[in-house]
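Chain by chain, the residues run as shown.
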Amino acid sequence: MPYPKSPVRGSSLRGPVLHVRDAMQQAVGARAQSEHLDLDARQLETIDLLTNNAAEHLAPAHRSPGKNRVYLWGPPGRGKTWLLGAFFDALPTKRKLRVHFHDFFRDLHATAHKATTLALAQIDEPDSLGETRGRADRVEARTSAIEQSIESMLGDVQVLCFDEFHCNDPGDAMLLARTVKYIMDRGILLVTTSNYPPEELLSDEYYHHLVLPTITTIREHMTVHELDAHLDYRTIERHEGQRSGFSSGSLLHSPDAGQLQRLGLAEPDRGDTVRLTPTSHEIRALRIDGRQIWFGFADLCESLTSTLDYLKLVRDHDHWIISGVPGSGLMTPFGLRRLANVIDVLYDHQVRLDLFVEDGFVDSFGHLPELEAARLRSRVNALRSGLEPSGGKTTSLEGVHA
């Protein structure tokens, strides 16, 4: 399919570099056509930016990526992740890596902890706990171990794509700074998606200073590009046959037995209860049936569960049911935040979710910061709100992967 014209179409690229750019754009256009998507002007502009920059970086005589690196941000549901995926698949190199930020940092924390423990054990004397903190050789050993961990995860990649780039935890700020510095020093082309502009990373005023060096690096070495067509594509109705993964699930208000039956479900029996320990804490599931798992909201979100628990569980279960989700009056901030984290993980891994809520559920979103509430609302919008095919027709970038 011919690549659709963008309002900013045009480039100074020449020869083989231009050929690479055009081939990538044709591949993205073909994918959009196969999925019946009509890309808007801002999305076309983003494709131009990404493919121009990648073609220059992959050219035989390329220099350091510099501003070819892209920090792509905008409100939820604008198509950032779909665009990143289409761009990544079109890259004409095997030396590429696309990873979700949650997954990368989970593995980096584990790898760095193990490498640091081994490195310090080689230089510390027995029974010297606490006596050598801050010693130059220990600092050097720790720094080297972290850098080796990053290197082991990134290998010899030319292009690195991060989905959902963020920093909400002060404990991540140091590792984030080291990772970004490693990427810049090695001349890797970095492309990220984020719901946050750089200045809103780690927005807590008490800790924000920890991420300022990373923000400065992003502004100096990346093109910060906002994607916002002022339309959340997850709100567009679509044919039942176009639903898959996360969006094949439903959002229902206290469903009765008939509604459950139309979903192919029945209430769990008391004897179906299963106790799981995916990481360090036990979690009660109301039922496990093959790759389907059913949780009560209180068991999953009002207990001491974490994102790591959810990441472990999605490996074995690709259909989740969460029932008994309360409305605003009974919803706690901690329970809502855990639910938002669960939904993030299920959405990112394209796992079907059937969510059974009580009246006033959407009103509880006010417990979250504005941007987090917007992301949760957008992802909930991707679920069916009824059990009958909508008959709607998708004519724009549908938000299943946005």
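Above this note sits the structure.
This one's a predicted model, so the numbers in the text were calculated from it and none came from an experiment.

**Structural notes on the sheet that holds strand E5 (residues 223-226)**
Spatially, the five strands line up as an open sheet ordered E2-E3-E4-E1-E5, and their pairing is parallel. Every other strand in the sheet has two partners, leaving strand E2 (96-100) and E5 as the edge strands with one partner each. Mean inter-strand twist for the sheet, computed between neighbouring axes without regard to direction, equals 15°. In this structure, strand E1 (residues 70-73) lies alongside strand E4 (residues 189-194), joined through four bridges in parallel fashion. Its bridge partner being in E4, Tyr-71 is matched across the sheet by Thr-192. Sitting on the sheet, helix H4 (residues 101-123) is in contact with E2 and strand E3 (159-163), with an inclination near 95° to E2.

**Considerations on the sheet that holds strand E11 (residues 319-325)**
Where strands meet in a sheet, backbone hydrogen bonds hold them as pairs that are either parallel or antiparallel. Sheet architecture is open: five strands sit in the order E6-E12-E11-E10-E9, paired in mixed fashion. Each edge of the open sheet is held by one strand with a lone partner, namely strand E6 (251-253) and strand E9 (287-289). Strand-to-strand, the axes of this sheet are offset by a mean angle of 15°, without reference to chain direction.

**What about the side chain of Thr-192?**
Within the secondary structure, Thr-192 is located in strand E4. With near-sequence residues (within four places) excluded, Thr-192 lies in contact with Val-70, Tyr-71, Leu-72, Phe-162, Phe-165 and Met-222.

**Description of a nonpolar patch on the surface**
A grouping of Tyr-206, Tyr-207 and Leu-210 is seen on the molecular surface, where their side chains present a nonpolar patch of about 320 Å² in accessible area. Its location among the elements puts Tyr-207 in the loop between E4 and helix H7 (212-221). A residue is classified by how much of its surface remains accessible, and Tyr-207, at 31% relative accessible area, is partly exposed.

**Focus: the packing of H4 against helix H5 (residues 136-154)**
Closest axis-to-axis distance for the H4/H5 pair is 8 Å, and the angle between their directions is 140°. Taken together, the axes of H4 and H5 lie oblique to each other. Where H4 crosses over H5, the handedness of that crossing is right-handed. Between H4, through Phe-104, Asp-107, Leu-108, Thr-111, Ala-112, Ala-115, Thr-116, Ala-119, Leu-120 and Ile-123, and H5, the contact on the second element is made entirely by Asp-137, Arg-138, Ala-141, Arg-142, Ala-145, Ile-146, Ser-149, Ile-150, Ser-152, Met-153 and Leu-154.

**Focus: the pattern of salt bridges**
By the definition in use, this model includes 17 salt bridges. Ionic pairing is found between Arg-31 and Asp-89, a salt bridge with its closest N-O pair at 2.7 Å. Of this pair, Arg-31 sits in helix H1 (residues 15-34) while Asp-89 sits in helix H3 (residues 80-90), placing them 58 residues apart in sequence. Assessed through its relative accessible area of 51%, Asp-89 is described here as exposed. With its nearest N and O atoms 3.8 Å apart, the salt bridge here joins Asp-272 to Arg-287. Taken together, the residues Asp-272 in the loop between helix H8 (257-262) and strand E7 (274-276) and Arg-287 in strand E9 connect sequence positions 15 residues apart. The partly exposed category is assigned to Asp-272, whose relative accessible area is 24%. Arg-287 sits in the buried class, given a relative accessible area of 15%. The network of salt bridges with shared partners includes Glu-164, Asp-344, Arg-375 and Arg-379.

**Focus on unusual backbone geometry**
With a phi angle near 40°, Ser-254 is a residue other than glycine that sits in the positive phi range. Position of Ser-254 among the secondary structure elements: in the loop between E6 and H8. Even without being a glycine, Gln-350 presents a positive backbone phi close to 50°. Locating Gln-350 in the fold gives a position in the loop between helix H11 (333-348) and strand E12 (352-357). Judged by relative accessible area, Gln-350 falls into the partly exposed class, the value being 22%.

**Concerning the nonpolar core**
Ranked by size, the top nonpolar core spans 38 residues in total, and within it Trp-320, Leu-355 and Phe-361 carry the most contacts. Where this core is concerned, the elements lending two or more residues are strand E8 (283-285), strand E10 (292-296), helix H9 (297-301), helix H10 (307-313), E11, H11, E12 and helix H12 (370-381). Broken down by element, this core gets its largest block of residues, eight residues, from H11. Setting aside residues up to four positions removed in sequence, Leu-355 forms contacts with Ser-250, Leu-251, Leu-252, Ile-322, Val-325, Leu-339, Ile-343, Phe-361 and Leu-383. If you look at the next biggest cluster of nonpolar residues, it comprises 32 residues, including Val-99, Cys-167, Ile-183 and Ile-218.

**Re helix H6 (residues 170-185)**
The end-to-end C-alpha distance of H6, which contains 16 residues, comes to 23 Å, matching closely the 22 Å that a straight helix rising 1.5 Å per residue would cover. Taken together, the buried positions of H6 are Asp-172, Ala-173, Leu-175, Leu-176, Thr-179, Val-180, Tyr-182, Ile-183 and Met-184. At its buried positions, H6 is contacted by H4, H5, E3, E4 and H7. Two residues or fewer past H6, Gly-187 is found with a positive phi of approximately 70°.

**Quick notes on the pairing of E4**
Burial of E4 is extensive: six of the six residues sit out of reach of the surface. Residue alternation in E4 divides its side chains into two sets, Leu-189, Val-191 and Thr-193 and Leu-190, Thr-192 and Ser-194, and both sets are buried. For the crossover from E3 across H6 to E4, the handedness is right-handed.

Calculation criteria
- Residues take numbers from 1 onward in each chain, read along the sequence in its written order.
- Residue-level local features of this predicted model are given only where pLDDT is at least 70; pairs of side-chain atoms are given and counted only at 80 or more, and the full residue set underlies all totals for whole chains, interfaces and linings.
- In computing side-chain values, all of the structure's heavy atoms are included and hydrogens and water are not.
- For two strands to be treated as a pair, DSSP must find at least two bridges joining them.
- Strands here mean DSSP runs of E at least two residues long; helices mean DSSP runs of H or I at least four residues long; both are numbered from the N terminus.
- Each axis is a line fitted through C-alpha atoms, taken for helices only over the stretch in contact, and angles between the N-to-C directions span 0 to 180 degrees.
- Contacts between residues were defined by any pair of non-hydrogen atoms, one from each residue, lying within 4.5 Å.
- For patches, a residue must show more than 30% relative accessible area and have no salt bridge; joins then use 9 Å for like charges and 5 Å for nonpolar side chains, namely Val, Leu, Ile, Met, Phe, Trp and Tyr.
- Note on areas: these come from Shrake-Rupley sampling with a 1.4 Å probe, and a residue is covered only by the protein chains present in the view.
- What counts as a salt bridge is simple: a side-chain nitrogen of Lys or Arg found within 4 Å of a carboxyl oxygen of Asp or Glu.
- Exposed residues in this analysis have more than 50% of their type's maximum accessible area, buried residues have under 20%, and partly exposed residues fall in between, with area computed by a 1.4 Å probe over protein chains only.
- Should an angle fall under 35 degrees it is called roughly parallel, over 145 degrees roughly antiparallel, and 65 to 115 degrees roughly perpendicular, with every other angle called oblique.
- Two helices that cross are described as forming a left-handed crossing if the nearer one is turned anticlockwise from the farther one by less than a right angle, and a right-handed crossing if clockwise.
- To define a nonpolar core, start from buried Ala, Val, Leu, Ile, Met, Phe, Trp, Tyr and Cys residues and group those joined through side-chain atoms within 4.5 Å.
- A helix is expected to span 1.5 Å for every residue after the first.
- By convention, a crossover is right-handed whenever its connection, traced from the first strand over the helix to the second and viewed with the strands pointing away, goes clockwise.

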